[in-house]
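Summary of the model geometry
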Amino acid sequence: MGPQEVLGQTTRLASSSALLQVLFRAVTFALNAFALRYLSRELIGVVNVRLTLLYSTVVFLAREAFRRACLSGSAKRNWTKTINLLWLTVPLGVFWSVCLSLVWLHLLEVPDPSVVPHYQAGVVAFGLSAIIELLGEPFWVLAQAHLFVRLKVTKCLLTVVLVVLYPQWGLYIFCLAQLLYTIVLVLCYVTYFVTFLGSPEATKKSFPVARMKSLLPSLVEDETFVNWKEARLTWSFFKQSFLKQILTEGERYVMTFLNVLNFGDQGVYDIVNNLGSLVARFIFLPIEESFYVFFAKVLERGKSVKDQKKGDVAMAANVLESLLKLVLLTGLTVTVFGYAYSQLALDIYGGSTLSSGTGPDLFRCYSLYVLFLAVNGVTECFTFALMCKEEVDRYNFVMLALSFTFLCISYFLTHWHGSVGFILANCFNMGIRIAHSIHYIYAYFQESTYRPLMGLLPSPFLVLIYIISGVITGFSEVFFCCDKGWMARVIHVSMGALCFGTAIVTMFCTERKLIHFVRRQFLPRYLKKGS
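One numbering rule holds for all chains: residues counted from 1, following each sequence as written. Side-chain atom pairs in this predicted model are given and counted only at pLDDT of 80 or more, local residue features only at pLDDT of at least 70, and totals for whole chains, interfaces and linings cover all residues. Values shown for side chains rest on all heavy atoms present in the structure; no hydrogens or waters enter the calculation.

Describing the overall build of the protein chain
Strands are runs of DSSP state E lasting at least two residues, helices are runs of H or I lasting at least four, and both sets are numbered from the N terminus onward. Across its full length, the protein chain carries 22 helices and 0 strands. For each residue, the accessible area found with a 1.4 Å probe, counting protein chains only, is set against the maximum for its type, and the residue is called buried under 20%, exposed over 50%, and partly exposed in between. Taken across its 531 residues, the protein chain has 56% of its residues classed as buried.

Next up, the structure:
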């Protein structure tokens, strides 16, 4: 598969993933809005923060390192050994699930049974669901390595139905939905590969696995059970993934282990956090995941830019520059317009529960945080795809120091400024990570004629339009939002729409290279799907 074909399929994967994320998040946020009105804030806090943290921690620690190691390098590998290595995620997941479930049951504060009953059953159910999901890991990696579109299912509809019909079940509703979600997810992967293997499409793609039996662990005659190079790389990524999980979910660990917020405040924070991460979830994350595969396949890990093929370097540099410009402008748009429309969005979404108190300030800070998320996702995507084992190990020490610093800053900023302190600490964390990745990218391309970091420099005229838009919408919020009636709100929204349209037109006029990249790589994928 040539670099151009890899790029085409990668953008198809990112486009499809983004579409799925839009649908998935739309249902999820509708559910959260419903839950906020009909369920207690304490129950939402326990499920969305405490139990979801248990589930995400087990899954992340058990599989993240394996994913990064097994998706790197050439497709010409012994897939039997790679599959054997991937199945080790299951016993590792069992270990983490048992250990962390004991911590969640016996060392952490237990919710008041009269407010949130069945907490123990919730811990068991979410820990078990993590193990079930890991059963599908070999299927997921094999699909990603060959650039298939991921399968998605959602548990939201079941949760809504049970909340309406059996509200007295409380936490049992979320336990049942979580278990059903993971079971159906794994069954979808198995069903897909049962249908795919042996088909003409599999033969056309020269798929390395011919039978379902080959997807199970098996011994390789006169050879080792796993590829030890991949295993050592996995260990390096595992040490890094442990630290990355602390950085990614740091505020939830602080909330869970240090009790800086009660369960009700945790519930409101989580809803605002999910609403604020809308763009990051359905645009930035699919791009990061898909183009990590692209960079890992086009450029060879551990080799300098001089040792790579010139055509591959040129393509990777151009794609990186365009991606940086794309996410930067998206992040700037969210930051500029999010500041003036945070209170209105929260009032429409969750009523006075969210739009009063610290909710608007929290959402405004998150709008800034989205900009950091945007740049960090793409820069780390490239950096992690190219780092050799020794560089990954060195970066682990940086992550260790950053993890400790982040947790300390989170704790003190939360005492100083409540839940807003979590967002400020995250901005600091992302800023340091971005600086490291930028330094790596600059050093990597220094011996070439390519400067992909120019993607972080938008047109000065476009920056001026963003500044003017921020000032106009800021004054509009003061005069027209949000307790002056619906007509004032319509005027406020109209002012924002006018400024947003001006920014988009300016973008089309000043960022022609980016527009060409999006039209050539992304839009054809959407148009084909719509036809």
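From this point on, the discussion continues.
Observations regarding unusual backbone geometry
One non-glycine residue with positive phi stands out, namely H118, at about 65°. Along the chain, H118 turns up in the loop between helix 4 (89-106) and helix 5 (119-134). For H118, a relative accessible area of 29% gives the class partly exposed.

Remarks on the side chain of Q178
With respect to the secondary-structure elements, Q178 resides in helix 8 (residues 171-196). Under this definition, polar contacts are N or O atom pairs within 3.5 Å; protein pairs additionally need one hydrogen-donor-capable and one acceptor-capable atom, and for neighbouring residues in sequence, both atoms have to be side-chain atoms. Separated by 3.4 Å, the side chains of Q178 and S129 make a polar contact.

Some remarks on the packing of aromatic side chains
Put simply, two rings from Phe, Tyr or Trp (the six-membered ring, in Trp's case) pair if the centres are within 6.5 Å, and we call them stacked under 30 degrees between planes, edge-to-face over 60, tilted for the rest. Across all of its chains, the model carries 15 aromatic pairs by this definition. An angle of 75° between the planes, with centres 5.9 Å apart, marks the rings of F291 and F294 as edge-to-face. One end of the pair, F291, and the other, F294, are both in helix 13 (residues 278-298), 3 residues apart, so they sit about a helical turn from each other. Classification of F294 by relative accessible area gives buried; the value is 0%.

A look at the packing of helix 2 (residues 41-70) against helix 12 (residues 263-276)
When two helices pack together, their arrangement is given by the angle between their axes and by how far apart the axes lie. Contact geometry for helix 2 and helix 12: axes closest at 7 Å, N-to-C directions at 65°. Pair helix 2 / helix 12 crosses with left-handed handedness. In this structure, helix 2 uses R41, E42, I44, G45, V46, N48, V49 and R50 to contact helix 12, whose residues at the interface are F263, G264, D265, Q266, G267, V268, D270 and I271. Under this grouping Gly is polar, as are all residues other than the nonpolar Ala, Val, Leu, Ile, Met, Phe, Trp, Tyr, Cys and Pro and the charged Asp, Glu, Lys and Arg. Considered class by class, the residues forming the contact of helix 2 with helix 12 number 6 nonpolar, 5 polar and 5 charged. Between N-to-C directions, angles span 0 to 180 degrees; the directions come from axes that are lines fitted to C-alpha atoms, helices contributing only their stretch in contact. For any pair of crossing helices, the crossing counts as left-handed if the nearer helix is rotated counterclockwise from the farther one by less than a right angle, and right-handed if it is rotated clockwise. In this description, contact between two residues means that some pair of their heavy atoms is separated by no more than 4.5 Å.

Describing helix 14 (residues 310-350)
Here the bend at a residue is taken as the angle between two axes, fitted respectively to the seven residues that end there and the seven that start there. The sharpest bend along helix 14 reaches about 60° and sits at Y341. The element helix 14 is extensively covered by neighbouring structure, given that 32 of its 41 residues are classed as buried. One or two steps after helix 14, the chain reaches G351, where phi turns positive at roughly 75°.

Let's talk about the environment of L457
Relative to the helices and strands, L457 resides in the loop between helix 18 (420-445) and helix 19 (460-480). Taking C-alpha positions, L457 is 8.8 Å from L328, a pair spaced 129 residues apart along the chain. What L457 contacts, discounting residues up to four positions off in sequence, is K325 and L328.

Points about a nonpolar patch on the surface
Nonpolar side chains (Val, Leu, Ile, Met, Phe, Trp, Tyr) within 5 Å and like charges within 9 Å form the patches, drawn only from residues with over 30% relative accessible area and no salt bridge. Accessible surface area values rest on a Shrake-Rupley calculation with a 1.4 Å probe, where residue burial reflects the displayed protein chains alone. By definition here, a salt bridge exists when the distance from a side-chain nitrogen of Lys or Arg to a carboxyl oxygen of Asp or Glu is within 4 Å. A contiguous nonpolar surface patch, about 690 Å² in accessible area, is contributed by F461, L464, I468, I472, M487, V490, I491 and M495. Summarising the element assignment, I468 is placed in helix 19.

Concerning the environment of L142
Mapped onto the fold, L142 is located in helix 6 (residues 137-145). Looking at L142, the relative accessible area reads 1%, which means it is buried. Through-space distance from the C-alpha of L142 to that of L86 is 9.9 Å; in sequence the pair is 56 residues apart.

Focus on the nonpolar core
Judged by nonpolar contacts, the single largest core of 135 residues is most densely connected at F295 and F382. Each nonpolar core is a collection of buried residues, namely Ala, Val, Leu, Ile, Met, Phe, Trp, Tyr and Cys, held together in the definition by side-chain atoms within 4.5 Å. Core analysis: the second largest hydrophobic core is formed by 5 residues, A340, L344, C481 and C482 among them.

Some details on the packing of helix 14 against helix 20 (residues 486-510)
Taken N-terminus to C-terminus, the directions of helix 14 and helix 20 make an angle of 170°; their axes are 12 Å apart at the nearest point. Classed by the angle they form, the pair helix 14 and helix 20 counts as roughly antiparallel. Here helix 14 contributes L329, T333, F337, A340, Y341, L344, D347 and I348 to the contact with helix 20, which in turn contributes R489, H492, V493, M495, G496, C499, F500 and M507. Looking at the contact of helix 14 with helix 20 residue by residue, the class counts come to 11 nonpolar, 3 polar and 2 charged. Each angle receives one of four descriptions, namely roughly parallel if under 35 degrees, roughly antiparallel if over 145, roughly perpendicular if within 65 to 115, and oblique otherwise.

Some words on the pattern of salt bridges
Counted under the stated rule, the structure contains 10 salt bridges. Across the pair R364 and E477 runs a salt bridge, and its minimum N-O distance is 2.9 Å. Separated by 113 residues along the polypeptide, R364 in helix 16 (residues 359-386) and E477 in helix 19 bring together distant segments of the chain. Given a relative accessible area of 16%, R364 falls into the buried group. Given a relative accessible area of 8%, E477 falls into the buried group. Between R433 and E380 there is a salt bridge, with its nearest N and O atoms 2.8 Å apart. With R433 in helix 18 and E380 in helix 16, the pair connects residues that are 53 residues apart, well separated along the chain. The pair R433 / E380 is uniform in exposure class, with both members buried. A cluster of three or more residues bridged by salt bridges with shared partners is formed by R63, E133 and E137.

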